[in-house]
Structures are given as C-alpha cells and as structure tokens.
Amino acid sequence: MSIAEIKNLVDAFAAAAGRAIRAGFEVIEVHAAHGYLLTTFLSPVSNTRTDRYGGDIFGRMRFPLEVVEAVRAAIPEATPLFVRVSAVDGTAEGWKLDDTIVFARALKARGVDIVDCSSGGLTGSATAGPVSRALGFQVPYAARVRSEVNIPTMAVGLIIEASQAEAILQQGQADLIAIARQAQFNPNLPLHWAHELGLNTRFEMWGEEYGWWLNKRARTMDGFATPTGQIIRRPG
Ligand SMILES: Cc1cc2nc3c(=O)[nH]c(=O)nc-3n(C[C@H](O)[C@H](O)[C@H](O)COP(=O)(O)O)c2cc1C
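This is a predicted model, so every value here is computed, not measured.

**Topic: the packing of aromatic side chains**
Phase 1 of the analysis: One pass over the full model with this rule turns up four aromatic pairs.
Phase 2 of the analysis: Centroid distance Trp 95 to Phe 103: 6.0 Å. Interplanar angle 85°. Geometry classified as edge-to-face.

This is the structure we're talking about:
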C-alpha cells in the first residue's frame, strides 16, 4: 500500500464508523484480528515494509493506531469503542502476547474502551487457531491484558455455559463475554443464561407475547419443573 492509500483507508474507516452510528449501532468495534488488513500490519511475519509503517513494533502499530484515532474522533464520545485483536498470531516469529500488551497500552491511551481478545488467522484458515481448543481457550489472553494494562477486556471462544461465563467475569478475567456458535445453537441463549443465573424468574426480560405464556406455564408447573421446562424427577 502506498502512503496515499493508507491515508485514504484511515479516512474510509472513520467514514464507515460514522455511517454505522447513523444506522443506529451503539458500539463500534475495529477489527484488528484474524489476518484482516490491520493484523497484517501488526505482525512482523506479514509486515515487511521499510518505511514508517513497518520495522519495529511502533512502526507496525502506526496504521492500526491511526485508524483507531480516526474512528474514535468520528463517533460520539459516549459510544464504546472496541478493538478485536489476535492476541497471538500463531506463527513462531510473529505477534506475541507481549506485543499485544504494548498494543493494548497504546489503544487505551487513544480512548479504546474494550480490548476483545481473540487469536490466530494470520496464516492458514481464518478459523484454524494457534492454540489447542479447549473451553475458554482464549480467556487467559483477556485476563493478562486486563491485569497488566488495566483496560477492560472481552473474552471469546468456546464459552458455552452460563456458569462458565459468569466465573470468567467473577474471577476478574474479563469484563464482557462474546458468544458466537452457542448463540447459533440457541438464539435465546442470553435469556436462558439469565434463568440459569437466577435472574428473569418471571420471564420479564422476554417479549410479552412469549413471557406472559412462559410465566403462566412456570406457575402451572411450580414444584415439578424449572422455569426452562426441565422436569424435576424425584426419586421413588
Ligand atoms: C457465523 C459466524 C461468523 C463469524 N464472523 C466473524 C467475523 O466477521 N469477525 C470475527 O472477528 N469473528 C467472526 N466469527 C468468529 C466469532 O466471533 C468467534 O470469535 C468464534 O466463533 C469463537 O467463539 P465461539 O466459540 O463462541 O463461537 C464468526 C463466527 C461465526 C460462527
């Protein structure tokens, strides 16, 4: 990319954020993860530039930070700005968690509200992760950024149960939980999790055309079923 193209793209990001605000979005997230353009500037594996947008980590961060500054300036002060990062890019000589700490400090200084900690995607398939997949496998990234940089973080990746999500928050590993595939499996997931965590007992968070009926059913089933309709079978 030429310097002129970089400048144009910084403006294009800001204009896109402005359109998103006008369209009614209440949060803006800059995507600097998963091998998309901004990631390719961050990682020394993909950024082989010899000008001020390459070289050491400060050169490699320059374009993503210019984008963040322009987006921050283009949206209302009260609108939360998130940045999704690949906390590690998954290559041997590439972007490491220590680099993410440096980046997160720079993001915080520019008014970013949440660092959304994902990983990988720079090489191979965008969904092929660099670390072995286990429940909450990327949570340690969110935890370290949060504790070292003192900035709120979002955890994502194989978070599939209410108690698991709640424990991440209660243990101070992250401030927000992002869910993708479990919400495809069950589009009512946030409402179900609220039930499991003891909230929403009268279905008050549901739309009335559902909530009224489900609350009525729960009252009918009082004593032999949970609000989510699981039958309580007593021994004998
Ligand atoms: C249908 C679908 C579309 C996705 N699109 C994006 C995307 O545009 N940008 C992104 O950063 N991640 C995207 N992801 C990845 C998710 O944001 C998330 O990081 C990943 O699925 C791991 O979380 P999960 O275990 O809760 O699914 C997508 C995932 C799914 C299932």
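More follows now that the structure is in view.
**Describing the sheet that holds strand S4 (residues 153–156)**
Phase 1 of the analysis: Read from one edge to the other, the open sheet built from five strands follows the order S1-S2-S3-S4-S5, with strand pairing classed as parallel. Where the open sheet ends on each side, the last strands, each with one partner, are strand S1 (28–32) and strand S5 (176–178). Each strand axis lies, on average, 25° off the axis of its neighbour in the sheet, ignoring direction.
Phase 2 of the analysis: In the sheet, S1 pairs with strand S2 (residues 81–86) via five bridges, with the strands oriented parallel.

**Some words on the site of the ligand**
Phase 1 of the analysis: Taken together, His 31, His 34, Arg 84, Val 156, Gly 157, Leu 158, Ile 179, Ala 180, Arg 181 and Gln 184 form the complete shell of residues around the ligand.
Phase 2 of the analysis: Measuring from an oxygen atom of the ligand, one finds a side-chain N or O atom of His 31 at 2.6 Å.
Phase 3 of the analysis: Arg 84 is positioned such that a nitrogen or oxygen atom in its side chain is 2.9 Å from an oxygen atom of the ligand.
Phase 4 of the analysis: Contact with the protein chains covers 61% of the free accessible surface of the ligand, which is 610 Å².
Phase 5 of the analysis: Of the residues that constitute the shell around the ligand, the class distribution is four nonpolar, four polar and two charged.

**Focus: the packing of helix H4 (residues 97–109) against helix H5 (residues 139–149)**
Phase 1 of the analysis: Two numbers describe how H4 lies on H5: the axes approach to 10 Å, and their chain directions differ by 50°. By the angle between their directions, the pair H4 and H5 is classed as oblique. Crossing of H4 over H5 shows right-handed handedness. Across from Leu 97, Asp 98, Thr 100, Ile 101, Ala 104, Arg 105 and Lys 108 in H4, the residues of H5 making contact are Tyr 141, Arg 144, Val 145, Glu 148 and Val 149.
Phase 2 of the analysis: In the contact of H4 with H5, the residues fall into six nonpolar, one polar and five charged.

**With respect to the domain arrangement of the protein chain**
Phase 1 of the analysis: Its domain assignment divides the protein chain into domain 1 (3–185) and domain 2 (200–236).
Phase 2 of the analysis: Domain 1 and domain 2 are separated by 40 Å when their C-alpha centres are compared.

**Some thoughts on the pattern of salt bridges**
Phase 1 of the analysis: In total, this model carries eight salt bridges according to the counting rule given.
Phase 2 of the analysis: Between Asp 51 and Arg 49 there is a salt bridge, with the nearest N and O atoms lying 2.7 Å from each other.
Phase 3 of the analysis: One salt bridge connects Arg 146 with Asp 175, and the closest N-O pair in it is separated by 2.8 Å. Placement of Arg 146 in helix H5 and of Asp 175 in the loop between helix H6 (162–170) and S5 is noted, with a sequence separation of 29 residues between them.
Phase 4 of the analysis: In this structure Arg 146 comes out as partly exposed when scored by relative accessible area, which is 27%.
Phase 5 of the analysis: Each member of the salt-bridge network shares a partner with another, and the members are Asp 98, Arg 144 and Glu 148.

**Focus on the side chain of Thr 91**
Phase 1 of the analysis: Inspection of the secondary structure assignment puts Thr 91 in the loop between S2 and H4.
Phase 2 of the analysis: With relative accessibility at 13%, the residue Thr 91 sits in the buried group.
Phase 3 of the analysis: Reaching out from Thr 91, the side chain makes a polar contact with the side chain of Asp 89 at a distance of 2.8 Å.
Phase 4 of the analysis: A distance of 3.1 Å separates the side chain of Thr 91 from the backbone nitrogen of Gly 94, its partner in a polar contact.
Phase 5 of the analysis: Ignoring anything within four residues of it in the chain, the contact list for Thr 91 reads Val 45, Lys 96, Leu 122 and Thr 123.

Criteria and cut-off values
- Residues numbered from 1 in each chain as written.
- Predicted model: local features only at pLDDT ≥ 70, side-chain atom pairs only at ≥ 80, totals over all residues.
- Heavy atoms only, no water.
- Phe/Tyr/Trp six-rings, centres within 6.5 Å; stacked < 30°, edge-to-face > 60°.
- Pairing = 2+ DSSP bridges.
- Helix = DSSP H or I, 4+ residues; strand = E, 2+ residues; numbered from the N terminus.
- Axes fitted to C-alpha atoms, helices over the stretch in contact; angles between N-to-C directions.
- Near = heavy atom within 4 Å.
- Polar contact = N/O pair within 3.5 Å; in protein donor to acceptor, adjacent residues only side chain to side chain.
- Areas by Shrake-Rupley, 256 points an atom, 1.4 Å probe, with all protein chains shown as cover.
- Nonpolar A, V, L, I, M, F, W, Y, C, P; charged D, E, K, R; others polar.
- Parallel < 35°, antiparallel > 145°, perpendicular 65-115°, else oblique.
- Left-handed = near helix turned anticlockwise from the far one by under 90°.
- Contact = heavy atoms within 4.5 Å.
- Domains from an automatic or database assignment.
- Salt bridge = Lys/Arg side-chain N within 4 Å of Asp/Glu carboxyl O.
- Buried < 20%, exposed > 50% of the residue type's maximum accessible area, 1.4 Å probe, protein only.

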